[in-house]
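Coordinate analysis (summary)
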Amino acid sequence: MKKHNYSAGPCILPQEVFDKSAQAILNFNDSGLSILEISHRSKDFVAVMDEARSLALELLGLEDKGYKALFLAGGASLEFLMVPYNLMKEGGKAAYLDSGTWASGAIKEAKFFGETVVVASSKEENYNNIPKGYSVPADADYFHCTSNNTIFGTQMKEFPSLDMPIVCDMSSDIFSRVLDFSKFDIIYAGAQKNMGPAGTTLVIVKEEILGKSGRIIPSILDYEKHIKAESMYNTPAVFPVYASLLTLQWLKKLGGVAAVEKLNNAKAELLYNEIDRNPLFKGAAAVEDRSNMNATFLLNDAAHTETFDTMWKAAGISGIPGHRSVGGYRASMYNAMPIESVQVLVDVMKALEKAI
Ligand code: PMP
């Protein structure tokens, strides 16, 4: 039986992506070859890469606005250092919002390059909220934030308007909601949540901000080199890029980001309503900052843990134990998760209440 997969990533993808990926491993485009054995320079794969890059921009409403999309390797974590390498001037400074473990990972890397100002942090509250009311030094080379904090289940609802490049790690909520994406100058996201399997990272860059740091950048870390090579500077992750393209095509057919946002809102409402209604549970994140992608919650009485765990496992649910730094539970409801799976979890929570 197929599980209700609440994994935080790698995670659920649309069934049609699994089916088409499986077919492409056996016989890609009726070529008599597997996608795993073709050259990344073959006509068929160049077409995949080109379509994936343009579809990513189209779905975010960023086509013809001076942006380029890249599919790079190294995960979102490599972007933690590529961003300062490409944007922070020698002797310059960068501003970061510290809203979670991944944000603080990005801050750690930026510090290797120069002055890194943490404009606000919710670390003292174990990152259970998004810091607000901060100011960003006007002379920073860029501002970096994390739109969705996968571990803590918080999500930025508003972004500052600034007179400097804005960089956003959207690893865990890209393509999940409508935003004015043209507010951002760099958006990056590991594929392994809303876009595809692990192994590639989508990086969207506004070209005009590049080439200003004055640094000598090693080629593999230089966004300009990747753009010039049309995301083929070195061998890209052929299969993850293909599976990402299939997911983007699925999203377009569904009606794009606006359509999936409605579904995501409905799923989140269903689960958070139950967390708030059911006397056995409480949410872990500040209500106004709750993430629609990762809902974190706890049992009020840890004595019910074993019973609850037995019940959700019996219902075919997988992947909801919380991250060790928060404890409790984390239900990740990425784009591909059907609302029926959320209903199964809500039904188990109700059944626990009855059983106790
Ligand atoms: N940023 C966020 C918001 C994440 O959730 C993750 C991974 N879960 C990362 C960065 C790190 O991504 P990667 O493992 O692709 O380096």
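Residues numbered from 1 in each chain as written. Predicted model: local features only at pLDDT ≥ 70, side-chain atom pairs only at ≥ 80, totals over all residues.

1. Observations concerning the site of the ligand
- Taken together, G9, G75, A76, S77, W102, T146, T150, D169, S171, S172 and G190 form the complete shell of residues around the ligand.
- If you tally residues by element for the shell around the ligand, the top one is helix α3 (residues 75-87), at three residues.
- Class assignment of the residues belonging to the shell around the ligand gives a composition of two nonpolar, eight polar and one charged. (Near = placed C-beta within 6 Å. Helix = DSSP H or I, 4+ residues; strand = E, 2+ residues; numbered from the N terminus. Nonpolar A, V, L, I, M, F, W, Y, C, P; charged D, E, K, R; others polar.)

2. Some thoughts on the sheet that holds strand β4 (residues 115-121)
- Read from one edge of the open sheet, seven strands run β2-β10-β9-β8-β5-β3-β4, paired in mixed fashion. The sheet is open, and its two edges are formed by β2 (67-72) and β4, each paired on a single side. For this sheet, the mean inter-axis angle between neighbouring strands, taken without regard to orientation, is 20°. (Pairing = 2+ DSSP bridges. Axes fitted to C-alpha atoms, helices over the stretch in contact; angles between N-to-C directions.)

3. Comments concerning unusual backbone geometry
- The peptide bond linking G9 to P10 adopts the cis configuration, its omega dihedral lying at -5°.
- Despite not being glycine, N126 has its phi angle at roughly 50°, a positive value.
- Here N126 is to be found in the loop between β4 and β5 (143-146).
- Although it is not a glycine, S231 sits at a positive phi angle of roughly 65°.
- Inspection of the secondary structure puts S231 in the loop between α5 (223-228) and α6 (238-254).

4. Quick notes on the pairing of β2
- With six of six residues buried, β2 lies mostly within the body of the structure.
- The alternating pattern of β2 places Y67, A69 and F71 and K68, L70 and L72 on opposite faces, both of which are buried.
- For β2 and strand β10 (residues 201-206), the ladder comprises six bridges, and the chain directions are antiparallel. Of the residues in β10, the one forming a bridge with F71 is L202. (Buried ≥ 20, exposed ≤ 12 C-beta atoms within 10 Å, placed from the backbone.)

5. Regarding the domain arrangement of the protein
- Partitioning the protein into domains gives domain 1 (15-254) and domain 2 (257-355).
- Listed per partner, the contact involves 22 residues of domain 1 and 23 residues of domain 2.
- Where the side of domain 1 that touches domain 2 is concerned, the elements lending two or more residues are β7 (154-155) and α6.
- Here the side of domain 1 that touches domain 2 is composed, by residue class, of eight nonpolar, 11 polar and three charged. (Domains from an automatic or database assignment. Contact = placed C-beta atoms within 7 Å.)

6. Considering helix α4 (residues 101-110)
- When we look at burial in α4, the residues that qualify are W102, A103, A106, I107 and A110. Along the axis of α4, the buried residues cluster in a sector spanning 150°; they form a single face.
- Of the surrounding secondary structure, the elements contacted by the buried residues of α4 are α3, β3 (93-98), β4, β5, β6 (148-149) and β8 (166-169). (Arc of directions from axis to C-beta.)

7. Observations regarding the sheet that holds strand β11 (residues 281-283)
- Taken together, the three strands give an open sheet; going across it, the order is β11-β12-β14, and neighbouring strands pair in antiparallel fashion. Edge strands, defined here as strands with exactly one partner in the open sheet, are β11 and β14 (329-332). Neighbour-to-neighbour, the strand axes of the sheet open up by a mean angle of 35°, direction not taken into account.
- Note that β11 and strand β12 (residues 294-299) share three bridges and pair antiparallel.

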